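Reading the structure
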Amino acid sequence: MKSNISFVNAYIAFFIIHTSQIEMGILGVPRIVFLEAKQDAWISVLLSGLFISVIIWMIISILAKYENCNLYEIHENLFGRFIGSIINTFMVIYFIAALYSIIIAYVELSLTWGYEGVDEWVGVLALLLVTIYAVSGGFRVIAGTCFLSFLMTIWLLFVIYQPLESINFTRILPVMSATPTQLMKGVFKTSFTMLGFETLFFIFPFIKEKKKLLFFSQLAIWFTTLIVFITTVISILFFSPKELEIHIWPVVSMISAVHFPFLERFEFIAVPLWILVIFPNLCLYLFISSKGVKQIFHLKQKHGIWVISIIIFITSFFVTKRVDNNLFFDQVGHVGFYLWFIYPILLYFISIIKSKIFSQS
Amino acid sequence: MKKWLILFCCLLCTACVPPEKILERQGISTIIGYDLLDKDTYKGSISLLQFDRKEEKTSETISAVGTTSKQIRQRLEQQTSHDITSGQLRTILFDKNISEMIGISSFLDTMQRDSSIGSLIFLAITNNTEEVIKNNNYEEYPEMGSYIYQLLDKQERKELLINSNLHDFSSTLYEIGIDPTLPIISNKNGAAPYIEKVALLKDDKMVGSISLTKTLFIKLFTNRRASLGDITLNIPLEVLEKKGIQLVEKSKGDKFNITIRPIKHRGSIELSKEDEVKLNATISVSTIEVQPAITLNNKKSIKKLEQLLGEELSKELGDFLEELRKLNTDPIGIGRKIKSIRKYSNLSDKDLREKYSSLKLKSTIKVEIKRTGAVD
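Residues numbered from 1 in each chain as written. Chains lettered and ligands numbered in written order. Predicted model: local features only at pLDDT ≥ 70, side-chain atom pairs only at ≥ 80, totals over all residues.

Notes on the overall build of chain A
Within chain A, the secondary structure is distributed over 14 helices and zero strands. For chain A, the succession of helices and strands along the chain, N to C, is α-α-α-α-α-α-α-α-α-α-α-α-α-α. On C-alpha atoms alone, chain A measures out to a radius of gyration of 20 Å, which is about the 21 Å that the 2.2 N^0.38 rule sets for 361 residues. In terms of overall dimensions, chain A has a C-alpha envelope of 65 × 45 × 35 Å along the principal axes. (Helix = DSSP H or I, 4+ residues; strand = E, 2+ residues; numbered from the N terminus. Rg over C-alpha atoms; globule rule 2.2 N^0.38 Å.)

Laid out in structure tokens, this is it:
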């Protein structure tokens, strides 16, 4: 491995994983899960937290077998250069798609709340340039971004205090009326929002104390689960069922009931502020995908960054409508689910089998 | 390279602002009212705040006819050189015809879709919205919109009104098993508009109205934080004597009048048997006016008075519930409570209404006199 690698402490992993999980999805997740599991949506959220917790454990044990490798290198190691590269290409495409889905989701939101009429590509370009700037600073800058973004936005949680005044507890009753299939569908939908823990596969080589990593990554995913859980429960209590089903961003609509003596429409602050929440995601995804390009084509990472950015910029001229976006998010979510919920399990067993074969011979 | 990138970012990111809005050029609408003209055509009237110092008037009212609220708005734009913005919109009025015949929910769509309209604006019903908005008799406020907003806001916070902002209204409207209520604003020539009654709605159509004091019974069961407003009871002296409460001074009329101020309240709705619902509530109050005076310094007489007040209120609640059932409307949310029980969680709106009309309702209100003011 390279010797000039820049290490960060293990506790930073908490911020990286947590911030990469929280992104645009959380603004809409109460509705999406509610559509599947009705008032038991919160159970689905907790279940998916449990599911991710198991997967995190698997990911760490895979990574522990290959010290100081990221997933791309593991693939080449496991499957050989050729097949490994094919899988890696697929992953890079996924990350580019995920990056685009976050950018366009945010641009769409900000166009609805105040910037109507601006072309999508303007927003996309602005976000891309800032991201390119951060990513070219290297991994330590990205880790710092995650840390700062966490500190600067976590207080938003307290804003839901005011909607608490008009909640109604009967709306969550009766508990456990959803069928197991509905609940599992809810878990499936929640998982789209909870995606982001896969960054663990790629930040692993940069962490200094690898033994502590399991603890901090578990902490991160449970913290995320808690936040998603809180927003889901409060949205269910706050909106009547039919209302929750029609709001695209129930969380934003909910904080439109928040007003301070000095500020009447808080959501117009919250929406621009959300850029801080998605910024770490943008950085991480651009970083990971450019790392993949470097691995596959042996390009310089800098060039990878530019190539990917140009691809995304061009896409922003074509996929912009609400319906198209929705389809796009769904597809990315689906692929993400199989890639990071099912595939790690597969990978775990493959790596066990392979190490058994090697130890026998 | 990096320096150029930073410079470029600065240029691009700072240029990304929404089109500028100059205060003097804005026509800030604070109130909008819809009147039914024909089937499907409405007349919309708005009141605009003026910021131009040269003008003497502080507000301007205009109206236009159209089929959707956004079309009306477009036509309103034709009549003014100002940019009509709805960011400060505080109140939306509907006339009686819309609320009785068409229903309000068709207007809700645009309010939820339009992100510039917050969810804290008030909705109200009135006879003719254009006349209300054109009425010049408001107090010290610059124009009608601010006046009506303050009027409703004050009433909601400390007096007799049920929450009627857009969020409360739409969440009760869309919820199965509870019906919304809206204030009715009355308008007389030569006087400022005032809140007259509270409209009862079934789904989104107005079916009846109740006096402001009756809202007490709704708030008792729907909102634990709401202020109930003072309660005045007029009890015949014979009833008082039957209870054994002694008057201190000689009475001038034949009624015993008492006003109590609720301090805290707690209400619960319980389905006790298959088709029997118990509505229990406890109110702790302080007595603020008693005519004629009675002794309130011993436990016994206080207990008797508490019982008496409780009985009177329970009776009134019982009558009120029957009145609601006659209109087949359920602003208290009894249906919602039934639906929250596992057995009934699949009931549809229609089934719930049927069940609601056949239920046996038992209501008891317990009054607890906590304080008696500075004297006893």
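After that view, the rundown keeps rolling.
Some words on the overall build of chain B
Within chain B, the regular secondary structure consists of twelve helices and 13 strands. For chain B, the C-alpha atoms occupy an extent of roughly 85 × 60 × 55 Å along the three principal directions. Of all 376 residues assigned to chain B, the portion counted as buried reaches 35%. Sequence separation of 24 or more characterises 68% of the internal contacts of chain B that already satisfy a separation of 6 or more. (Buried ≥ 20, exposed ≤ 12 C-beta atoms within 10 Å, placed from the backbone. Contact = placed C-beta atoms within 7 Å.)

Looking at the interface of chain A and chain B
How big an interface is tends to be stated in terms of the accessible area lost upon association of its parts. Across the boundary between the two partners, chain A contributes 27 residues, which contact 25 residues of chain B. Of all the secondary-structure elements, those providing two or more residues to the side of chain A that touches chain B are helix 5 (120-135) and helix 10 (241-246) of chain A. The biggest single contributor to the side of chain A that touches chain B is helix 5 of chain A, with seven residues. Looking at the side of chain A that touches chain B residue by residue, the class counts come to 14 nonpolar, nine polar and four charged. (Nonpolar A, V, L, I, M, F, W, Y, C, P; charged D, E, K, R; others polar.)

Focus: the environment of B:Leu361
Residues and elements named next belong to chain B. Among the structural elements, Leu-361 can be located in strand 13 (residues 360-371). For the pair Leu-361 and Met-111, spaced 250 residues apart in sequence, the C-alpha to C-alpha distance is 37 Å. In contact with Leu-361, not counting residues within four places along its chain, are Val-277, Leu-279 and Leu-321.

Observations regarding unusual backbone geometry
Residues and elements named next belong to chain B. One non-glycine residue, Asp-203, lies in positive phi territory at about 55 degrees. Within the secondary structure layout, Asp-203 lies in the loop between strand 8 (194-202) and strand 9 (205-211). Take Asp-203: there are 14 C-beta atoms within 10 Å of it, and that puts it in the partly exposed class. The backbone phi angle of Asn-328 is positive, close to 55 degrees, even though this residue is not glycine. Following the sequence through the fold, Asn-328 ends up in the loop between helix 10 (299-327) and helix 11 (334-339). The exposure class of Asn-328 is partly exposed, given the 14 C-beta atoms found within 10 Å.

Looking at the packing of helix 2 (residues 25-37) of chain A against helix 7 (residues 180-194) of chain A
Residue and element names in this part refer to chain A. In the contact formed by helix 2 and helix 7, the axes pass within 8 Å of each other and the chain directions differ by 165 degrees. By the angle between their axes, helix 2 is roughly antiparallel relative to helix 7. Of the two possible hands of crossing, helix 2 and helix 7 adopt the one that is right-handed. Only Gln-182, Leu-183, Lys-185, Gly-186, Lys-189, Thr-190, Phe-192 and Thr-193 of helix 7 make contact with helix 2, whose side of the interface consists of Gly-25, Ile-26, Val-29, Ile-32, Val-33, Glu-36 and Ala-37. Class assignment of the residues belonging to the contact of helix 2 with helix 7 gives a composition of seven nonpolar, five polar and three charged. (Axes fitted to C-alpha atoms, helices over the stretch in contact; angles between N-to-C directions. Parallel < 35°, antiparallel > 145°, perpendicular 65-115°, else oblique. Left-handed = near helix turned anticlockwise from the far one by under 90°.)

Looking at the sheet that holds strand 12 (residues 276-291) of chain B
Working definition: the strands of a sheet are paired by backbone hydrogen bonds and lie parallel or antiparallel to each other. All names here are of chain B. Strand order in the open sheet formed by four strands is 10-11-12-13, with mixed pairing between adjacent strands. The sheet terminates laterally at strand 10 (231-236) and strand 13, the two strands that pair on one side only. When strand polarity is set aside, the average angle formed by the axes of neighbouring strands in this sheet is 40 degrees. Contacts from helix 8 (residues 215-222) reach strand 10, strand 11 (255-273) and strand 12, with the element oriented near 45 degrees to strand 11. In the packing of helix 10 onto the sheet, the strands contacted are strand 10, strand 11 and strand 13, and the crossing angle to strand 13 comes to about 145 degrees. (Pairing = 2+ DSSP bridges.)

A short note on the nonpolar core
Core analysis: the biggest nonpolar cluster contains 108 residues, and A:Leu99, A:Ile103 and A:Leu282 have the highest contact counts within it. At 19 residues, helix 4 (residues 71-112) of chain A tops the list of elements feeding residues into this core. Residues contacting A:Ile103, with those up to four places away along its chain left out, are A:Val124, A:Leu127, A:Leu282 and A:Ile312. Judged by nonpolar contacts, the second largest core, of 76 residues, contains B:Ile72, B:Leu89, B:Leu200 and B:Phe221. (Core = buried A, V, L, I, M, F, W, Y, C linked by C-beta atoms within 7 Å.)

So, the environment of B:Leu161
Residue and element names in this part refer to chain B. Along the chain, the position of Leu-161 falls in the loop between helix 6 (144-158) and helix 7 (166-174). For Leu-161 and Ile-195, which are 34 residues apart along the polypeptide, the C-alpha to C-alpha distance reads 9.3 Å. Apart from the residues within four sequence positions on either side, Leu-161 is in contact with Leu-152, Gln-155, Glu-156, Pro-183, Ile-195 and Thr-215.

Topic: the packing of helix 6 (residues 139-153) of chain A against helix 12 (residues 267-297) of chain A
All names here are of chain A. One can describe the packing of helix 6 onto helix 12 by two numbers: an axis separation of 9 Å at closest approach and a directional angle of 160 degrees. Here helix 6 lies roughly antiparallel to helix 12, going by the angle between them. Helix 12 is crossed by helix 6, and the crossing has left-handed handedness. Of the residues in helix 12, those touching helix 6 at Ile-142, Thr-145, Cys-146, Ser-149, Met-152 and Thr-153 are Leu-273, Leu-276, Val-277, Phe-279, Pro-280, Cys-283, Leu-284 and Phe-287. Each residue belonging to the contact of helix 6 with helix 12 can be placed in one class, and the counts come to eleven nonpolar, three polar and no charged.

Re the pairing of strand 8 of chain B
Residues and elements named next belong to chain B. Of the pairings in the sheet, the one linking strand 7 (residues 181-186) to strand 8 comprises six bridges and is antiparallel in character. Bridging from a neighbouring strand, Ile-185 pairs with Ile-195 of strand 8. Where strand 8 lies against strand 9, six bridges are found, and the strand directions are antiparallel. Its bridge partner lying in strand 9, Ala-199 is registered against Ser-209. Between the antiparallel neighbours strand 8 and strand 9 lie two residues, among them Asp-203 with a positive phi of about 55 degrees.

Here's the deal with the confidence of the model for chain A
Per-chain confidence: chain A averages 87 in pLDDT, with 98% of residues scoring 70 or above. Looking over chain A, one finds the lowest element-wise mean pLDDT in helix 11 (residues 250-255) of chain A, namely 84, and the highest in helix 9 (residues 213-238) of chain A, namely 92. (pLDDT = per-residue confidence, 0-100.)

Structural notes on the confidence of the model for chain B
On average, residues of chain B score 82 in pLDDT, and 94% of them are at 70 or above. Overall fold confidence (pTM) sits at 0.84, and the ipTM for the predicted complex is 0.78.

What about the environment of A:Gln21?
All names here are of chain A. Topologically, Gln-21 is positioned in helix 1 (residues 11-21). Counting along the chain gives 276 residues from Gln-21 to Phe-297, while the straight-line C-alpha distance between them is 29 Å. Excluding anything up to four places from it in sequence, Gln-21 contacts Met-194, Gly-196, Phe-197, Ile-221 and Thr-224.

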